[in-house]
Amino acid sequence: RKEVEQDPGPFNVPEGATVAFNCTYSNSASQSFFWYRQDCRKEPKLLMSVYSSGNEDGRFTAQLNRASQYISLLIRDSKLSDSATYLCVVERESSASKIIFGSGTRLSIRP
Amino acid sequence: NAGVTQTPKFQVLKTGQSMTLQCAQDMNHNSMYWYRQDPGMGLRLIYYSASEGTTDKGEVPNGYNVSRLNKREFSLRLESAAPSQTSVYFCASSEFPLSGLSTEAFFGQGTRLTVV
């Protein structure tokens, strides 16, 4: 079983819709959580960190559920430009070698 | 503002050939990383350098070597390429070693390597 699991998708939704996807992690000692965005054939870029209390950045909301060991990303009023792959990233310990990237969820927004 | 620059962008090697992937960052970051990304898998850490003068193995170091030439440059060498090393390679840098304190890594555009 992978340490960080994501539904690969693709999630295909109309522009303006709300879409949410989860990421589960297996190590209960995981400390920090993030979402990165990766456009097709491009490099990943940090989208947002995920705090215990949840956090919001414009149309994006990230939540952490430690009891069930998952993090979620909600995108409201989706735009065509939101089409990308979203990578869940989990930090097992405070060490570069302990940061685990999920394989990504592909999101496609249609007009 | 260049950020993280990787060369080459594409490369085809024959099995057994060697090559070095170059990476340079102009953000004065202390830490640099090499990842590989394969279809259906997340980025996997090959090697990293928490600061100039240090290097450490990541999750998948076998078949690779690295050199932290100076603060700006971190190269990845394949001594004897194998088809299993066909992948997309990303170099990244961050101000501090990736941790809960500072986790934004800046990535280069990637090198698409095919070993035949």
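Reference entry: report on the structure contained in this document. Residue numbers restart at each chain and count upward from 1, following the sequence in its written direction. Numbering of ligands from 1 and lettering of chains from A proceed in the order in which they are written. Side-chain atom pairs in this predicted model are given and counted only at pLDDT of 80 or more, local residue features only at pLDDT of at least 70, and totals for whole chains, interfaces and linings cover all residues. Side-chain figures throughout are based on the complete set of non-hydrogen atoms in the structure, without hydrogens or water.

**A closer look at the packing of aromatic side chains**
Whether two aromatic rings pair depends on their centres lying within 6.5 Å, for rings of Phe, Tyr and Trp, where Trp uses its six-membered ring; planes under 30 degrees apart make the pair stacked, over 60 edge-to-face, and the rest tilted. This structure, assessed with the given rule, holds 12 aromatic pairs over all chains. Relative to Phe107(B), the ring of Tyr36(A) lies with its centre 6.2 Å away and its plane at 85°, an arrangement referred to as edge-to-face. Of this pair, Tyr36(A) sits in strand β4 (residues 32-38) while Phe107(B) is found in strand β10 (residues 106-107), placing the two residues in two different chains. Note on classification: 1.4 Å probe, protein chains only; a residue is buried when its accessible area is under 20% of the maximum for its type, exposed when over 50%, partly exposed between these limits. A residue is classified by how much of its surface remains accessible, and Phe107(B), at 7% relative accessible area, is buried. Judged by centre distance (5.9 Å) and plane angle (65°), the ring pair of Tyr64(B) and Tyr89(B) falls under edge-to-face. Here the residue Tyr64(B) occupies a position in strand β7 (residues 64-68), and Tyr89(B) occupies one in strand β9 (residues 87-94), the gap between them amounting to 25 residues. The burial state of Tyr64(B) is the same as that of Tyr89(B); both residues are buried. Taken together, Tyr36(A), Phe101(A), Tyr33(B), Tyr35(B), Phe90(B) and Phe107(B) form an aromatic cluster joined through their ring pairs. Runs of H or I in DSSP of at least four residues are treated as helices and runs of E of at least two as strands, each being numbered from the N terminus.

**Examining the state of the cysteines**
Residues and elements named next belong to chain A. The rule for a disulfide is simple: a pair of cysteine sulfur atoms within 2.5 Å. Per the counting criterion, the structure on display carries 2 disulfides over all chains. A disulfide bridge connects Cys23 with Cys88, and the sulfur atoms are separated by 2.0 Å. Its torsion about the S-S bond being -70°, the disulfide of Cys23 and Cys88 is classed as left-handed. Placement of Cys23 in strand β3 (residues 19-25) and of Cys88 in strand β9 (residues 84-91) is noted, with a sequence separation of 65 residues between them. Taken individually, Cys23 and Cys88 each receive the classification buried, so the pair is uniform in this respect.

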